[in-house]
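These are the residues of each chain, in order.
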Amino acid sequence: MEGSPPASDRRLILCIAIGQLIGWGTLFSAFPLFGAPIAAELGWTSSEFNAGLTLALLVSGLAAVPAGRWVDRRGGRWLLALGGWGGAVLLAAWSQVSALPAYWAIWAAMGLAQATALWSPAMAVVVAQAREPVRAITGITFITGFTATLFVPLTALLIERLGWREALLVLAALQAIPGFLALWLLPPDEARAKAAPGAGFDLGRAMRSPAFLGLAGALAAHAFIGVGLGAHAIPLLRERGLAEASVIALVSLHGPFQVAARLALFALGRRVTMRGVGRIASALVPIAMLALGLAPPEFAWLLIYILAWAVADGLMTIVRAAGVAEILGREGYGAITGALSAVTVLPRTLAPVLIALISEGKSGYGPVPWLLAGLGALGAACFAMAAAQRSR
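The structure displayed is predicted, hence computed values, not measured ones. (Residues numbered from 1 in each chain as written. Predicted model: local features only at pLDDT ≥ 70, side-chain atom pairs only at ≥ 80, totals over all residues. Heavy atoms only, no water.)

K.L.:
When you look at a nonpolar patch on the surface in this model, what are you seeing that I'm missing?
P.N.:
Nonpolar side chains collect at one region of the surface, where L346, L350, V353, L354 and L357 lie side by side and expose about 440 Å² of accessible area between them. The residue L350 is located in helix 18 (residues 333-361) in this model. (Patch = residues over 30% accessible without salt bridge, like charges linked within 9 Å, V, L, I, M, F, W, Y side chains within 5 Å. Areas by Shrake-Rupley, 256 points an atom, 1.4 Å probe, with all protein chains shown as cover. Salt bridge = Lys/Arg side-chain N within 4 Å of Asp/Glu carboxyl O. Helix = DSSP H or I, 4+ residues; strand = E, 2+ residues; numbered from the N terminus.)

K.L.:
Got a minute to help me understand the layout of surface pockets in this structure?
P.N.:
To locate leftover empty space, one rolls a probe as large as a water molecule over the atoms. What the second largest pocket holds in volume is close to 160 Å³. For the second largest pocket, the full set of lining residues is A261, A264, L265, L268, V272, T273, G276, V277, I280, V311 and L315. Of all the secondary structure elements, the ones that give two or more residues to the lining of the second largest pocket are helix 15 (254-268), helix 16 (274-294) and helix 17 (299-328). The leading source of residues in the lining of the second largest pocket is helix 15, at four residues. Looking at the lining of the second largest pocket residue by residue, the class counts come to nine nonpolar, two polar and no charged. (1 Å grid on protein atoms, 1.4 Å probe; cavity = no way out; pocket = protein on both sides within 12 Å on 5 of 7 lines; lining within 4 Å. Points joined across faces, edges and corners; volume = space filled by probe spheres on them. Nonpolar A, V, L, I, M, F, W, Y, C, P; charged D, E, K, R; others polar.)

K.L.:
How do you make sense of the packing of helix 17 against helix 18 when you look at a structure like this?
P.N.:
Any two packed helices are characterised by how steeply their axes cross, that is the angle between the axes, and by the distance between the axes. Two numbers describe how helix 17 lies on helix 18: the axes approach to 11 Å, and their chain directions differ by 125 degrees. Of the possible angle classes, the one that applies to helix 17 and helix 18 is oblique. For the pair helix 17 and helix 18, the sense of crossing is right-handed. Residues R320, A321, V324, A325 and L328 of helix 17 form the contact with helix 18, whose own contacting residues are Y333, I336, T337, L340, S341 and T344. Of the residues assigned to the contact of helix 17 with helix 18, the class counts are seven nonpolar, three polar and one charged. (Axes fitted to C-alpha atoms, helices over the stretch in contact; angles between N-to-C directions. Parallel < 35°, antiparallel > 145°, perpendicular 65-115°, else oblique. Left-handed = near helix turned anticlockwise from the far one by under 90°. Contact = heavy atoms within 4.5 Å.)

K.L.:
Help me out: how do you make sense of empty space enclosed by the protein in this one?
P.N.:
The final tally for this structure, using the stated rule, is three cavities of 30 Å³ or more. In this model, the largest cavity occupies a volume close to 100 Å³. Along its surface, the largest cavity is lined by C15, I16, G19, Q20, G23, L80, G84, A117, Q175, P178 and A182. Those elements that provide at least two residues to the lining of the largest cavity are helix 1 (7-29), helix 4 (77-94) and helix 10 (177-185). Its residues assigned to classes, the lining of the largest cavity comprises six nonpolar, five polar and no charged. Considering only enclosed or pocket space, the second largest cavity measures out at about 70 Å³ in volume. Forming the boundary of the second largest cavity are A218, A221, H222, I225, S282, V285, M316, L375, G376, G379 and A380. Put simply, the parts of the chain that give the lining of the second largest cavity at least two residues each are helix 13 (210-239), helix 16 and helix 19 (368-387). Of the residues in the lining of the second largest cavity, the class split is seven nonpolar, four polar and no charged.

Structure below.
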């Protein structure tokens, strides 16, 4: 492995990694676990409950570009802090809710917290401040790869022992930590403001470039596949006739394979480019989906699917942050990544519903792997187009 990151980057990695680990854990990963206890107490249907997350995704998409512009012009220290604290306040408010409209309003506001505290603005800070952005982002994703591993069992335990309302208060207390870390470990925003993009930067022009359009297509396809599989992988594998233990084992291997891929990338260091990593990762997606469609219902064969998909997914998370800077440049990075986040909101929102409609209409998931393989191939072609462009 090439040497450790510089001391300044280690401080940045620590701050952003812990903040993102907690933020994604409390504001996203824990969400599904509250559906059953809330339904039992308040009588809400699954669609009424999940509409909250849908609202948050839509609002976060609308707020992504303004949040990115803020980081470009003023720095991200206070934005990450206030977004983190806002999420904590909203989790506490959710713990007291009994009326459905109030719950929806809270989760619409949660979209603002997600847009200001989670991935895109955090990565804009890293790209602006890190001496070695690619290695810093890789190190951060190595840590955040354990988010679900930590927060899903923790949240389940809290709900079981304390009840869902008290569990939310504990998560709210945890979510306050990233705000304090941002103010403690990140440099003042005034220092960042001096490096803000000049008046000549034109987001609209950047969005019309072939490189941006290619990245948008690749990330939209990846988002649809990732969220769709997140919602439907377990019932899809069950339908194939696998034993329940094999289904759970396959799904559980996704995280460790992701982390292993990121660790390998970290070890390679400067010997690879994000263009090359993105080409490999995006090409693995349709291979994984074809394996899902063609493999017999046996654990060993479907292991090919989960390995290829997990490696692709793990690497594309890094490419989404560091690859954008390599292909499109650092000027206006926050606004550009915000625009790319907005592009992925609709695919992420629609994927679970569309796949469910296909499975209902066809009496099974038979066509789904082929649809995902086609989208994966389209995404790989889009990324190849983007990677062929020269940086601005």
